[in-house]
Amino acid sequence: KVKAVRGFSDFGYSFVYVIFEDGTDLYWARSRVLEYLSKIQGSLPDGVRTELGPDATGVGWVYQYALIDRSGRHALDELRSLQDWTLRYALQSVPGVAEVASIGGYVKQVQIVVDPNRLASYGVPIGEVVAAVQASNNESGGRLIEWSGAEYMVRIRGYAKSIEDFGAVVLRAGPSGVPLRVRDVATVELGPESRRGTADLDGQGDAVGGIVVMRHGENALNVIRRVQAKLSDLAASLPPGVEVVTTYDRSDLILRALDTLKHELVLEMIVVSLVILLFLWHFPSAIVPIITIPISVLLSFIPLYLLGISVNIMTLAGIAISIGVLVDGAIVEVENAYNKLHLWEVGGRKGDFHEVRLEALKEVGPSVFFSLLVIAVAFLPIFALVDQEGRLFGPLAWSKNLAMLLAALLAITLDPALRMLFARMDPFTFRPRFLARIASGFLVGTYYAEERHPVSRAIQRIYDPACRFVLRRPKTVIAIALVILAASLPLYFRLGSEFMPPLAEGSILYMPTTL
């Protein structure tokens, strides 16, 4: 299942990227890579070790923070040590976090600067110094001691705890029996590790920070909230004057995307209500389409959850695209039922109005259902996309088609049931009278003939001559349409093959590279 193996090398490290076929389980792939790495450990040079990267994806960068010292009492190497040995391990214990990468500052090192002249005068090779330092900073076992019927394990710890300990490491015994130590041939000091870059915050100079990488398949919003809670708990243990400042937080983008969806839902319900009221003058008829929108959207999250599709930007985009057509079926049913009930009322109210309404719903129900399915079919080619394109646009197609499918089901189930259950033709007669009139206006309404509506008459005056013109000259109209289509072909071939709209997350990350 491996498609390609790529490598990238730099001073002191190398990266090997193993690219698997699309759809391969991440943890199965990691186990296979670990299995093959275990086979080559013995053939690697001394000091070379392999390490598997975090179980995260390219979009796992969900949170970033910086350590700021307002008091100025802590140097960059101290802040970096605080990040590496305190914050990083604490945040890696948070559920859903795959890795916490440290950036900026100086990594503190014990540096042994060897004097080549002294080495030459004592006749000590550089490899002997390296071996002596490694052997002196280690631990080993001393087997067992049996004492009073009990066994005690002996362990020898030989760790250097200060610069003086490294300087006191014995290299060999001199001709007179005096030990030759590291400090005799080298200078031991604390210093920074060589840096390949630097981190700057708001143009104020070097800064120390951390990048929180989310584990594959986790909910980004929940992980960010757990990280923020952990940082709040750690704030009390930080040195005086040091605080954690958020520099990137994806939860803001997630919440704004959700707010956009809620805004579109509310706006769509308002527009649908105004359109129905404008063309029908009937408030009760607007209730069913308004109810259809949020129910269709909420129900679409259930199959998304069962399919294992997370709610992300593309998922919400698919729902936002489908909002405009979710109510088409409900509007058609409402308008047809409105006209049938008007004719029933004008004709002397013969029979039960429930039967009239039921016949009106049965008349257009099948057509409405299949028309919504036809609209959903337009997004089916997206499911043929694979690799990066399929993972990017697949959630959009799923959410859009599922919302359309649920809207089609609601058009033949919930919408007729609501109309049959809460429909009322007779006005209320309770007291006080003004409340009865208000309730009748909102819950019963008045049915008007279509030809009496001023908006319908204006539209009819515009539509009727245009329709008659087209019907009298069908060949001319088709020819004009073909000419316009042919004229658009050159523009089609000049369109780009890739399109990615800009995404304003609200944060600026500048990463310059110099040679």
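Residues numbered from 1 in each chain as written. Predicted model: local features only at pLDDT ≥ 70, side-chain atom pairs only at ≥ 80, totals over all residues. Heavy atoms only, no water.

**Side note on the overall build of the chain**
And step 1. Within the chain, the secondary structure is distributed over 17 helices and 12 strands.
And step 2. Counting only C-alpha atoms and orienting by the principal axes, one finds that the chain spans roughly 130 × 65 × 55 Å.
And step 3. Looking at the chain residue by residue over its 515 residues, the buried ones come to 30%.
And step 4. Long-range pairs, those at least 24 residues apart, make up 70% of the contacts in the chain between residues at least 6 apart in sequence. (Helix = DSSP H or I, 4+ residues; strand = E, 2+ residues; numbered from the N terminus. Buried < 20%, exposed > 50% of the residue type's maximum accessible area, 1.4 Å probe, protein only. Contact = heavy atoms within 4.5 Å.)

**Thoughts on the layout of surface pockets**
And step 1. Approximately 410 Å³ is the volume attributed to the second largest pocket.
And step 2. Lining the second largest pocket we find 20 residues, and of these Phe-279, Leu-280, Glu-335, Glu-450 and Ser-456 sit closest to its centre.
And step 3. Those elements that place two or more of their residues in the lining of the second largest pocket are helix H8 (250–280), helix H11 (328–346) and helix H16 (454–472).
And step 4. Split by residue class, the lining of the second largest pocket holds 12 nonpolar, 4 polar and 4 charged. (1 Å grid on protein atoms, 1.4 Å probe; cavity = no way out; pocket = protein on both sides within 12 Å on 5 of 7 lines; lining within 4 Å. Points joined across faces, edges and corners; volume = space filled by probe spheres on them. Nonpolar A, V, L, I, M, F, W, Y, C, P; charged D, E, K, R; others polar.)

**Observations concerning a nonpolar patch on the surface**
And step 1. Residues Phe-283, Ile-287, Ile-291, Phe-430, Phe-434, Leu-435, Ile-438, Phe-442 and Leu-443 make up a contiguous nonpolar surface patch of about 760 Å² in total accessible area.
And step 2. Elements with a contribution of two residues or more to the nonpolar patch: helix H9 (283–306) and helix H15 (433–443).
And step 3. The element best represented in the nonpolar patch is H15, accounting for 5 residues.
And step 4. Mapped onto the fold, Phe-434 is located in helix H15.
And step 5. Using a relative accessible area of 46% as the deciding quantity, one classes Phe-434 as partly exposed. (Patch = residues over 30% accessible without salt bridge, like charges linked within 9 Å, V, L, I, M, F, W, Y side chains within 5 Å. Areas by Shrake-Rupley, 256 points an atom, 1.4 Å probe, with all protein chains shown as cover. Salt bridge = Lys/Arg side-chain N within 4 Å of Asp/Glu carboxyl O.)

**A few points about the environment of Asn-117**
And step 1. Tracing the chain through its elements places Asn-117 in helix H3 (residues 116–122).
And step 2. The exposure class assigned to Asn-117 is exposed, which follows from its relative accessible area of 60%.
And step 3. Taking C-alpha positions, Asn-117 is 25 Å from Ser-194, a pair spaced 77 residues apart along the chain.

**Side note on the environment of Phe-11**
And step 1. Within the secondary structure, Phe-11 sits in the loop between strand E1 (2–10) and strand E2 (13–20).
And step 2. Residues Phe-11 and Leu-491, 480 residues apart in the sequence, show an inter-C-alpha distance of 49 Å.

**Quick word on the side chain of Ser-296**
And step 1. Relative to the helices and strands, Ser-296 is located in helix H9.
And step 2. Here Ser-296 falls in the buried class, since its relative accessible area comes to 0%.
And step 3. The residues contacting Ser-296, other than those within four sequence positions of it, are Leu-326, Ala-403, Leu-406, Ala-407 and Leu-410.

**Regarding the sheet that holds strand E12 (residues 242–249)**
Backbone-to-backbone hydrogen bonds join strands into a sheet, with any given pair of strands oriented parallel or antiparallel.
And step 1. Strand order in this open sheet of 4 strands is E4-E11-E3-E12, and the pairing throughout is antiparallel. Either end of the sheet is taken by a strand with one partner, and the two such strands are strand E4 (97–103) and E12. Pairs of neighbouring strands in the sheet enclose a mean axial angle of 25°, with direction left out of account.
And step 2. Of the pairings in the sheet, the one linking E4 to strand E11 (residues 208–214) comprises 6 bridges and is antiparallel in character. Paired with Ala-101 across the strands is Ile-211, a residue of E11.
And step 3. Against the sheet, helix H2 (residues 76–92) contacts strand E3 (61–69), E4, E11 and E12, and its axis sits at roughly 180° relative to E4. (Pairing = 2+ DSSP bridges. Axes fitted to C-alpha atoms, helices over the stretch in contact; angles between N-to-C directions.)

**What about the pattern of salt bridges?**
And step 1. Tallying each qualifying case throughout the model produces 15 salt bridges.
And step 2. Of the charged contacts in the structure, one is a salt bridge between Arg-49 and Glu-51, with a shortest N-O distance of 3.3 Å.
And step 3. Between Arg-256 and Asp-252 there is a salt bridge, with its nearest N and O atoms 3.0 Å apart. Taken as a pair, Arg-256 and Asp-252 lie in helix H8 at a separation of 4 residues, close to a single helical turn.
And step 4. Relative accessible area serves as the criterion here: at 33%, Arg-256 is assigned to the partly exposed category.

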